[in-house]
Structure formats: structure tokens, C-alpha cells
Amino acid sequence: MLMKAFLENEGYAVMVFPDGSSIRQAFERQIPDLIILDIMMPGEDGLSVCSYIRSRSNVPIIIVSAKDTPLDHVAGITMGSDDYISKPFLPLELAARVKALFRRSEMSSREDAEAFFCGNMILRPASRNVCIGREILNVTPTEYEFLFYLIKRAGMAVSKKEILKEVWGYPDTSDSRMVDDLVKRLRKKLREAGSEACLETVWGYGYRLIGQERGKTEGGTV
């Protein structure tokens, strides 16, 4: 398989599976460093497998598909993927996406060990943990990167275009509904965890992260 050979040439250990069921079984045995899923697989489709994996792990996931409409991209992100690449694509492009996901993780781990605060939300770059009080919030790598980007700019309005570029590495022309869907997921997680930090909509522009305490709004990073 060309993709496997190319990635192995880049230094990655690669395992290939014929269908969704095989991927599930392998995942239950050992969680890999990164997963690449094709939407159109025999039996269970890639989006369903993505949802299953994301409910159990925050491992980075890249979805590849022959479908290339904005709704398809949104569906991939909705199911918890960190990136989406449309066929046909060059092996070099896939390798670049893989490297970018690993690089984001490595860069964050080298950040200052100090914690960032917003309300009762605490983000610790050294461990890549997001905590609400003393409880660790279960977030995906992309959700973490999004919160990390906004908490460093707490109280500031950040445009959707800027978020797409800085968090996903996508061009300005990308569909901003991916950002809206991620925010929707995070709002639910934050609300259920009792977070005093919330994602405020800046209509027609983007979002800002603010801290809310006892019904009063406070912005800024402590």
C-alpha cells in the first residue's frame, strides 16, 4: 500500500486494517499514537468508528474521504476527528498533516509549565490537562488546542478565520461551521462540568473566552 510505505519511509510504524471491526478490535488491544480513518470502509463506516474511538480516547484522528463538501468536513469534526483530508491527495500531504498533529502536541508540551486560569478552569500545558476545579475535563487534542489558544487571549474576541488558521492550520476560505460545531461540543462539556469559564459568541465575528463567577462576567487571565 502506497500510503503505508510512504509513512513508514517517514519513520512511522504503520498498521493497516481491512474494515471498521478490525480497527475497533485493534484499538481495544492497544491505543496508538494517531489513527487515520477512511470514511468508506467495508461494514462499519469511518465516521461511526471515529465516534466510538473518541468516546473512549483522545488519540488524534485524521479522516480521509472521497467526499469533499463542507457538510462532510463538519460531519468529520462532529464525530471527533482532529483533521479531514479529501481524496485524491498526495502521500506528501497526508504525511504533512500527520506531522502537524504530532508537532502541535510537542509544541504544547514545551510551553511554560505555568497554569492558565479562567474562572475555575485551569489549563496546564505541561500535562495538556484542562481542569474544572480539581476534576480533569475530557477533551480531544483539537479541543485542547482551541481552549489553549483562547485562554491565552481570555477576554479578547478571536475571529473564526483566525481560529481555523491557528488551531487547524486551515486557510481563510475554510468552512467556519467546523468552529461552531467544536464550540457547541465544548460548551456542553464545560456546562456539565460546572465551569465558570464560558465561550461567548461575538456575533458575525467569532468567540471569546470569559470567566463567569456568581452571575458576574469577568475576563482575563490570572
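This write-up is about the structure you can find in this document. (Residues numbered from 1 in each chain as written. Predicted model: local features only at pLDDT ≥ 70, side-chain atom pairs only at ≥ 80, totals over all residues. Heavy atoms only, no water.)

## Some details on the overall build of the chain
When helices and strands are tallied, the chain shows 8 helices and 11 strands. Considering the chain as a whole, with its 222 residues, one finds that 44% of them fall into the buried category. Taking as baseline every contact in the chain between residues at least 6 positions apart, the subset at least 24 positions apart corresponds to 55%. As presented, the chain carries roughly 11800 Å² of accessible surface, and 53% of it is formed by carbon and sulfur atoms. (Helix = DSSP H or I, 4+ residues; strand = E, 2+ residues; numbered from the N terminus. Buried < 20%, exposed > 50% of the residue type's maximum accessible area, 1.4 Å probe, protein only. Contact = heavy atoms within 4.5 Å. Areas by Shrake-Rupley, 256 points an atom, 1.4 Å probe, with all protein chains shown as cover.)

## A look at helix α2 (residues 20-29)
Taken together, the buried positions of α2 are occupied by Gly20, Ser22, Ile23, Ala26 and Phe27. Along the long axis of α2, the arc covered by the buried residues comes to 155 degrees, so they all point the same way. Among the residues of α2, the N-terminal cap falls to Asp19, whose side-chain oxygen and the backbone nitrogen of Ser21 are separated by 3.3 Å. (Arc of directions from axis to C-beta. Polar contact = N/O pair within 3.5 Å; in protein donor to acceptor, adjacent residues only side chain to side chain.)

## Section: the pairing of strand β6 (residues 129-132)
Side chains on a regular strand alternate between the two faces of the sheet. Relative to β6, strand β5 (residues 121-124) runs antiparallel, the two sharing 4 bridges. Each bridged residue has a counterpart across the sheet, and for Met121 the counterpart in β6 is Ile132. Counted along the chain from β5 to the antiparallel partner β6, the turn is 4 residues long, and its residue Arg128 has a positive phi close to 60 degrees. One ladder, built from 2 bridges, connects β6 with strand β7 (residues 135-136); its direction is antiparallel. When the sheet's bridge partners are listed, Cys131 is paired in β7 with Ile136. (Pairing = 2+ DSSP bridges.)

## Side note on helix α6 (residues 141-151)
Across the 11 residues that make up α6, a large majority, 11, are buried. Taken together, the buried positions of α6 are occupied by Pro141, Thr142, Glu143, Tyr144, Glu145, Phe146, Leu147, Phe148, Tyr149, Leu150 and Ile151.

## Some points on the packing of α6 against helix α8 (residues 177-192)
In contact at an axis separation of 11 Å, α6 and α8 are set at 90 degrees when each is read in the N-to-C sense. Here α6 lies roughly perpendicular to α8, going by the angle between them. Residues Thr142, Glu143, Phe146 and Leu147 of α6 form the contact with α8, whose participating residues are Val179, Leu182, Val183, Arg185, Leu186 and Lys189. Split by residue class, the contact of α6 with α8 holds 6 nonpolar, 1 polar and 3 charged. (Axes fitted to C-alpha atoms, helices over the stretch in contact; angles between N-to-C directions. Parallel < 35°, antiparallel > 145°, perpendicular 65-115°, else oblique. Nonpolar A, V, L, I, M, F, W, Y, C, P; charged D, E, K, R; others polar.)

## So, the nonpolar core
Judged by nonpolar contacts, the single largest core of 46 residues is most densely connected at Ile53, Met121, Phe146 and Ile163. With 7 residues, α6 is the single largest residue contributor to this core. In contact with Ile163, other than residues within four places in its own chain, are Phe146, Leu150, Val158, Trp168, Val179 and Tyr207. Core analysis: the second largest hydrophobic core is formed by 11 residues, Met3, Leu34, Val64 and Leu94 among them. (Core = buried A, V, L, I, M, F, W, Y, C linked by side-chain atoms within 4.5 Å.)

## With respect to the packing of α2 against helix α3 (residues 46-54)
One way to put it is that α2 packs onto α3 with a least axis distance of 10 Å and a crossing angle of 15 degrees. Judged on the interaxial angle alone, α3 and α2 are roughly parallel. The way α2 lies across α3 gives a crossing that is right-handed. Here Gly20, Ile23, Arg24, Phe27 and Glu28 of α2 lie close against α3, whose contacting residues are Ser48, Val49, Tyr52 and Ile53. Taken together, the residues of the contact of α2 with α3 break down into 5 nonpolar, 2 polar and 2 charged. (Left-handed = near helix turned anticlockwise from the far one by under 90°.)

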